[in-house]
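Okay, here's what each chain looks like letter by letter:
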Amino acid sequence: MTLSEAADDRTRDAAPARGAARARGAAQATSQYLGVLAVLGLLVVLLAVTQPEFLTVDNFLNIAELNVVLLLLAVGLTFVLLTGGIDLSVGSMMGFSAIVCWKLLGTMPAPLAMLLAVLVALAAAFATNGLLIGRAGLSFLVVTIGTGSLLHGLAQIWSGGQSQTVYQHSFLVSVGTKHVAGVPVTVLIAAGVFAVALVVLRYSGFGRMVYAVGGNPEAARLAGINVTAVRVAVYTLCGTLAGLAGVISAARITSASPDAGIGLELTAGAAVLLGGTSFMGGRGSLLGTLLGVLFLGVLQNGVTLAGVSPFWSNVVSGAVLIVAIGIDRLRTGKAMP
Amino acid sequence: MTDVPEGPPLLRVAGAAKRFGAVHALRGADLVVRAGEVVCLAGENGSGKSTLARIVAGSLAPDAGTVELDGAPAAFGSPRAALAAGVCLVSQEPTLVPGLSVAENVLLHRFRGPLRPVRRSALAAEAAPYLERAGLRIDPATPAGALPPGERELVELAKALAAGPRLLVLDEATTRMPDPERLFGVVDRLAAGGTGVVLITHRLREIRRACGRATVLRDGATVAELGPDELTDERLSAAMVGRDLGEYFHKRDVAVGEEVLGVRDLVTDRSPHPITFGVRAGEIVGLAGLVGAGRSELLETLAGARRARGGGVLLDGAPLAAASPRAARRAGIALVPEDRFAQALAAAHSIRDNLAVPWLRALRRTDRAADRERAHRAVADYRVRSASVDAPVATLSGGNAQKLVLAKALGHRPRVLLLDEPTRGVDIGARSDIYELVTGLAAEGTAIVLASSDLLELLGLADRVIVLAEGRPVGELDRDEATEERIALLALGGGERDDAV
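Keep in mind it's a predicted model, so treat the numbers as computed, not measured. (Residues numbered from 1 in each chain as written. Chains lettered and ligands numbered in written order. Predicted model: local features only at pLDDT ≥ 70, side-chain atom pairs only at ≥ 80, totals over all residues. Heavy atoms only, no water.)

Let us now look at the overall build of chain B. Secondary structure summary: chain B contains 18 helices and 20 strands in total. Expected size for 501 residues packed as a compact globule is a radius of gyration near 23 Å; at 24 Å, chain B falls within 12% of this value. By principal-axis analysis of the C-alpha atoms, chain B measures approximately 65 × 50 × 50 Å. By residue count, 54% of the 501 residues in chain B fall in the buried class. In chain B, 68% of the contacts between residues at least 6 apart in sequence involve partners at least 24 apart. (Helix = DSSP H or I, 4+ residues; strand = E, 2+ residues; numbered from the N terminus. Rg over C-alpha atoms; globule rule 2.2 N^0.38 Å. Buried < 20%, exposed > 50% of the residue type's maximum accessible area, 1.4 Å probe, protein only. Contact = heavy atoms within 4.5 Å.)

Let us now look at the overall build of chain A. What chain A contains, in helices and strands, is 16 helices and four strands. Counting the 337 residues in chain A, one finds 50% classified as buried. Accessible surface, chain A as shown: approximately 14,700 Å² in total, 70% of it carbon and sulfur. (Areas by Shrake-Rupley, 256 points an atom, 1.4 Å probe, with all protein chains shown as cover.)

Residues and elements named next belong to chain B. Along strand 16 (residues 333-336), one buried face is formed by Ile333 and Leu335 and the opposite face, lined by Ala334 and Val336, is buried too. Pairing between strand 16 and strand 17 (residues 416-420): four bridges, direction parallel. Residue pairing for strand 17: Ile333 is matched across the bridge by Val416. (Pairing = 2+ DSSP bridges.)

Let us now look at the pattern of salt bridges. Taken as a whole, this structure holds 31 salt bridges over all chains when the rule is applied. Arg235 of chain B is the salt-bridge partner of Glu230 of chain B, the closest N and O atoms lying 3.3 Å from each other. Between Arg431 of chain B and Asp454 of chain B there is a salt bridge; the shortest N-O distance is 3.0 Å. Of this pair, Arg431 of chain B sits in helix 16 (residues 428-443) while Asp454 of chain B sits in the loop between strand 18 (447-451) and helix 17 (455-461); the two residues are 23 residues apart in sequence, bridging distant segments of the chain. Pair check on accessibility: Arg431 of chain B and Asp454 of chain B agree, each one buried. Residues joined in a network through salt bridges with shared partners are Arg208 of chain A together with Arg352, Asp353, Arg372 and Asp390 of chain B. (Salt bridge = Lys/Arg side-chain N within 4 Å of Asp/Glu carboxyl O.)

With that settled, the discussion passes to the sheet that holds strand 11 (residues 259-267) of chain B. Two modes of strand pairing occur in sheets, parallel and antiparallel, and in both the strands are linked by backbone hydrogen bonds. All names here are of chain B. Ordered in space as 12-11-14-15, the four strands form an open sheet in which the pairing is antiparallel. Every other strand in the sheet has two partners, leaving strand 12 (275-280) and strand 15 (318-320) as the edge strands with one partner each. Between one strand axis and the next, the sheet turns by 25 degrees as a mean value, whatever way the strands run. Pairing of strand 11 with strand 12, which is carried by five bridges, proceeds in the antiparallel orientation. The partner of Leu266 across the bridge, within strand 12, is Ile275. Each of strand 11, strand 12 and strand 14 (310-315) is contacted by helix 10 (residues 295-302), which is oriented at about 115 degrees to strand 11, the strand it contacts most. (Axes fitted to C-alpha atoms, helices over the stretch in contact; angles between N-to-C directions.)

When two helices pack together, their arrangement is given by the angle between the helix axes and by the axis-to-axis distance. All names here are of chain A. Between helix 7 (residues 110-135) and helix 8 (residues 140-159), whose axes approach to 10 Å, the crossing angle comes to 165 degrees. As far as their axial angle goes, helix 8 and helix 7 are roughly antiparallel. Here the hand of the crossing between helix 7 and helix 8 comes out right-handed. Here Thr128, Asn129, Leu132 and Ile133 of helix 7 come into contact with helix 8, specifically with Phe140, Val143, Thr144 and Thr147. For the contact of helix 7 with helix 8, the residue count by class is four nonpolar, four polar and no charged. (Parallel < 35°, antiparallel > 145°, perpendicular 65-115°, else oblique. Left-handed = near helix turned anticlockwise from the far one by under 90°. Nonpolar A, V, L, I, M, F, W, Y, C, P; charged D, E, K, R; others polar.)

Moving on, we come to the nonpolar core. Residues Phe79, Ile225 and Phe295 of chain A are the most contacted members of the largest nonpolar core, which totals 93 residues. Leave out the neighbours within four places in its chain, and Phe295 of chain A touches Val36, Val39, Leu40, Leu43, Leu274, Ser317 and Val320 of chain A. With 49 residues, the next largest nonpolar core counts Leu96, Leu136, Ala191 and Ala210 of chain B among its residues. (Core = buried A, V, L, I, M, F, W, Y, C linked by side-chain atoms within 4.5 Å.)

As a further point, take the UniProt feature "transmembrane region" (unreviewed entry) in chain A. All names here are of chain A. UniProt's entry tags residues 32-49, 61-81, 111-133, 140-159, 179-201, 232-254, 286-305 and 311-330 with the feature "transmembrane region" (unreviewed entry), counted in the numbering of this structure. The annotated region residues 111-133 carries 100% helix and 0% strand content, and the separation between its end C-alpha atoms amounts to 32 Å. Secondary structure over residues 179-201 splits into 74% helix and 17% strand, and the C-alpha atoms at its two ends are 29 Å apart. (UniProt positions renumbered as here; feature names shortened; annotations may be inferred.)

A few words now on the sheet that holds strand 19 (residues 464-469) of chain B. Residues and elements named next belong to chain B. On the basis of which strands lie adjacent, the open sheet formed by six strands has the order 16-17-18-13-19-20 and mixed pairing. In this open sheet, the two strands that pair with only one neighbour each are strand 16 and strand 20 (472-478). Across this sheet, the average inter-strand angle for adjacent strands is 20 degrees, counted without regard to direction. Here six bridges tie strand 19 to strand 20, and the two strands are oriented antiparallel to one another. Within the sheet, the bridge partner assigned to Ala469 lies in strand 20 and is Arg472.

Residues and elements named next belong to chain A. Interaxial distance between helix 5 (residues 68-82) and helix 15 (residues 286-306) falls to 10 Å at its minimum, and their mutual angle equals 145 degrees. Judged by the twist between their axes, the crossing of helix 5 over helix 15 is right-handed. Where helix 5 approaches helix 15, its residues Leu70, Leu71, Ala74, Val75, Thr78 and Phe79 are matched on the opposing element by Leu286, Thr289, Leu290, Val293 and Leu296. A breakdown of the residues in the contact of helix 5 with helix 15 according to their chemical character gives nine nonpolar, two polar and no charged.

Let us look at the environment of Ala103 of chain B. Residue and element names in this part refer to chain B. Mapped onto the fold, Ala103 is located in helix 3 (residues 102-106). In the structure, Ala103 is positioned 375 residues away from Asp478 in sequence and 50 Å away in space, judged by C-alpha atoms. Non-local contacts of Ala103, meaning those with residues more than four positions away in its chain, are made with Leu123, Ala124, Ala127 and Pro140.

What follows covers the packing of aromatic side chains. All names here are of chain A. Tallied over the full model, the rule gives two aromatic pairs over all chains. Look at Phe54 and Phe60: their rings are 5.4 Å apart centre to centre, the planes differ by 65 degrees, and that puts the pair in the edge-to-face class. On the accessibility criterion, Phe54 (0% relative accessible area) is buried. Centroid distance Phe96 to Trp158: 5.8 Å. Interplanar angle 35 degrees. Geometry classified as tilted. Highlighted residues: Phe96 in helix 6 (residues 90-105) and Trp158 in helix 8, separated in sequence by 62 residues. The exposure class assigned to Trp158 is partly exposed, which follows from its relative accessible area of 35%. Seen from the ring of Tyr211, Arg208 lies directly overhead, with NZ or CZ sitting 4.8 Å from the centre. (Phe/Tyr/Trp six-rings, centres within 6.5 Å; stacked < 30°, edge-to-face > 60°. Lys NZ or Arg CZ within 6 Å of the ring centre and 35° of its normal.)

Attention now moves to the confidence of the model for chain A. All names here are of chain A. In this model, chain A carries an average pLDDT of 88, and 88% of its residues clear a pLDDT of 70 or more. The weakest mean pLDDT in chain A belongs to helix 1 (residues 3-11) at 37; the strongest belongs to helix 5 at 98. Overall, residues 1-29 carries pLDDT values under 50, and its contacts beyond four positions in sequence, including any with other chains, amount to 25 contacts. (pLDDT = per-residue confidence, 0-100.)

Below, the structure is given as structure tokens:
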């Protein structure tokens, strides 16, 4: 029996406290994304009143489908931000994996090509961001900017800088366009990934280690946590999800482009921060990230429905992000001297 | 108080109070300084000396109390306003900009507008006399980052001199200085020229050498004013500690057992000198030495947080290859590191989450009920005063945070406990609790290594004291032969006889 099992035995009789504890824990976690929840609610009410098409199942499925890629990137980035880092290469990784997938499609069946493309993304993220940041301890800003440029360049070389059509590969196209029980397959995939990530982050030892490393890396190290392994793992996970996002985006628009995700790293980062995850690491949640992505998605949708210039959505989301960070500062500024 | 110079007070602080979250850093501190006088502000770590210094220098606003300069209210809103009034602070933390030259650093406060051109040659000429007065002969164009630590301190002093201070506050300025006498020479000349000087230090020898008078703080309040005839070790330490050693320590006679921790020719990454000693079950071995003597490095090496360059560690007689904190922890070695918030706790996380960290396993489900139960038990067992186990540890006072660090280190019932400055910045009540805990652990057979700058603490708790100087073991004193004087003499390299603390 290990020491932690012994401790578990000693504390088994703590069950009565469980319900109250859970309620309090939930209340505490909610406060971090209360801001975006309020603004999202406001937006939904506003659109429901002014836009008759807004409150329809089709429109909601449409919003979900349009934001699958953003959610996948944001989930990966949440892990990275929680450790106190950021990954600016996820946009490039998308284009990279899309082009890798297109290359592989010429030589093998589509399911295998798609799987291999994601695995290539995993290996690339592990070998670059993972090892250089996690193991060698280099600056995450510099490394991920470098990796992003490198992957984007490789994708451009292999594709000749052009979008490459993949419409002839029926399996790929069906993943991107088919519905199951009325729900797009891509939405189901993203929902599955989100659910697994949520469970891992909340209920696994690894998930809590991510928080511990972000909260204080030195304290985590002295407490016996393998900080290197945790950092390598989050950058690898983030790159892998970006690779999956690249393949899915190619499937959705039936074309693989080296530029598929350029700029999306910042949108996804904004979604994570909107969801209350701290840029300093150690604080945040995937539910918040989901709300952040939903807010950006609903905002974009509303702007389209209302026929306003789509550029306004950038102005609004930027302003909301800054206000949210300001509120967060006021809130935590009081808690921490 | 016979020889206090007459005249209007240059500085008068009355009833200054300051709170940081739940921590009362100051609760009613008074300080009077006259022109041409050198006053010592003495007190233990955490007694509020630095907070008071920062209030005087305008970098903190007091919650209550008054600050008067020349009898007029002087609530400086910023360090710049204080500087303009001639109040200058040399703070404990280094403030030099490493990328700027020495001259630019010395004259930093004179850079007013971003559009004023800066001529490097003129700067060097302007800075030279201040460097000269601080006793530093270096090229003013040298980048500040290239200087050794001792010289950086003198540049800080030159920087203060360049401000033309009427009141100079030196906060632990001698800690990193190889030759404090140089500093005292400058201080004497300044005082002779009518400047009031506040010297913050806890080294009794320096107080006697440089100061005419001492104001003693304890737990954030002024508790004593000592005149020139009263500056004795006994009076000062009694005022600083506030009670007798007898009621402070609870050392019990423990039958020591077999050697648990064996350190054999261990070479740390900081100094080339091998260290050998053993700690038996139930024994408390003290590590004494000045800042930078290598105590923390030794403990961190034993805890696997630093790589050893040579030698080895035995646990129960068997070689231990603790190449990581993880391996050391598994083997039963726990470290309470020197800096609570930098090395042991995540300030924004709750008590519960902080205590859960050592128990995490990557591939295992977390048990929140167990985490919660563990936190409740620790709060009760270690007498941590907190509203809730969900409160961020940043809201705890220093003493309560330190108890939490102990709870975290002791969760796995270690056989060897390494304590690095376990009571620094901890209030008296919590200190007493911690001493009781440590002696209790020894009585249960834990082998304990205690590194501390607090000699009273070492003398009160340790069975033996090993003294380090510049990374080298320079002596070992048994309980019967250890005195403050002998430890201090060894720590200072066995040199000047007058060095008795």
